[in-house]
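Remarks on the overall topology
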Amino acid sequence: MTPVLYVGNRNYSSWSMRPWLALAWSGVDFETRDVELDADGYGEGRIAAVAAVSPSGRVPALDVDGVTIWDSLAICEWAAERAPGAPLWPQDATERAVARSLACEMHSGFAAIRDELPCNIRRRSPTPSLSDAARREVARIDAILASQAERAQGRGPYMFGRRGIVDAFYTPIATRMRSYAIPLGAAAGAYRDALLEDDAFLRWESEAQASWKAMSRGDAETRHR
């Protein structure tokens, strides 16, 4: 059976975007199904439609022959193992470990950015006033994105030359930097633009635009894993 990836609102659900990009880049055949998040239990893992497809009550979730994988990084790891020729992780062991470190840092960190700059692909706003914590996190993001030029070593525009899981994890951050007009250095800005010009992201963005509707429970990122 074709694996099914359940995702939330494409304009807001950065967690859903990440494994969708990794799966799209992997070449693995999969189906995408949208789950309505603007419902009772929003933000608490208690939406009935989500609980029906994910044991954690959160999306994304990937159904593989009746087995559910309900964490965005775990889904990406599944895709990497399913399509080793992609490759979604760097082939070099040391580079692969660095890429995993970067993906895990994004997976578990940057709480202030998530709170103050919620994912909203459609939004374009002036640069907001940020807390000290958020400014420190933006500086860290700038340093991470700028590091791609050295890591790629002329091999391509992505973090390790070819697009992979680490790039999928930083694409939602690239959308935030654009949405809120967050200044970045030249190298970081070039990497941001490469992510936002990727053909798979443009397909996701197009669907986000086509399916968008205002959420009654607030214009904020859905917090999933």
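Right, let's walk through the structure included here. (Residues numbered from 1 in each chain as written. Predicted model: local features only at pLDDT ≥ 70, side-chain atom pairs only at ≥ 80, totals over all residues. Heavy atoms only, no water.)

**Section: unusual backbone geometry**
For the bond running from valine 59 to proline 60, omega is 15°, close enough to zero to count as cis. Along the chain, proline 60 turns up in the loop between helix 2 (48-51) and strand 3 (61-64). The linkage connecting alanine 86 with the following residue, proline 87, adopts the cis geometry, with an omega of -25°. Mapping proline 87 onto the fold places it in the loop between helix 3 (72-82) and helix 4 (93-108). Backbone geometry places phenylalanine 110, a non-glycine residue, at a positive phi of 60°. Its place among the elements puts phenylalanine 110 in the loop between helix 4 and helix 5 (111-116). One non-glycine residue, alanine 181, adopts positive backbone phi at about 50°. (Helix = DSSP H or I, 4+ residues; strand = E, 2+ residues; numbered from the N terminus.)

**Here's the deal with the packing of aromatic side chains**
Summed over the entire model, instances satisfying the criterion amount to 3 aromatic pairs. Between the aromatic rings of tryptophan 20 and phenylalanine 30, the centroid separation amounts to 6.5 Å while the plane-to-plane angle is 75°, which identifies the pairing as edge-to-face. Residue tryptophan 20 is located in helix 1 (residues 14-26), and its partner phenylalanine 30 is located in the loop between helix 1 and strand 2 (31-34); the two are separated by 10 residues in the primary sequence. The two residues tryptophan 20 and phenylalanine 30 agree in class, both being buried. Note on tryptophan 20 and tryptophan 204: the rings are 5.4 Å apart at their centroids and 55° apart in plane angle, and the pair reads as tilted. Of this pair, tryptophan 20 sits in helix 1 while tryptophan 204 sits in helix 9 (residues 199-211), and the two are 184 residues apart along the sequence. Accessibility assignment for this pair places tryptophan 20 and tryptophan 204 in one class, buried. Clustering of aromatic rings is evident, with ring pairs tying together Trp20, Phe30 and Trp204. (Phe/Tyr/Trp six-rings, centres within 6.5 Å; stacked < 30°, edge-to-face > 60°. Buried < 20%, exposed > 50% of the residue type's maximum accessible area, 1.4 Å probe, protein only.)

**Here we look at the layout of surface pockets**
Approximately 190 Å³ is the volume found for the largest pocket. Along the walls of the largest pocket sit 16 residues, with Pro87, Pro90, Gln91, Phe160 and Arg162 positioned nearest its centre. Sorting the residues of the lining of the largest pocket by element identifies helix 4 and helix 7 (165-179) as the ones contributing at least two each. For the lining of the largest pocket, the element with the most residues is helix 7, which contributes 3 residues. Taken together, the residues of the lining of the largest pocket break down into 8 nonpolar, 3 polar and 5 charged. Within this model, the second largest pocket holds a volume of roughly 160 Å³. Across the lining of the second largest pocket, the residue classes break down as 4 nonpolar, 3 polar and 5 charged. (1 Å grid on protein atoms, 1.4 Å probe; cavity = no way out; pocket = protein on both sides within 12 Å on 5 of 7 lines; lining within 4 Å. Points joined across faces, edges and corners; volume = space filled by probe spheres on them. Nonpolar A, V, L, I, M, F, W, Y, C, P; charged D, E, K, R; others polar.)

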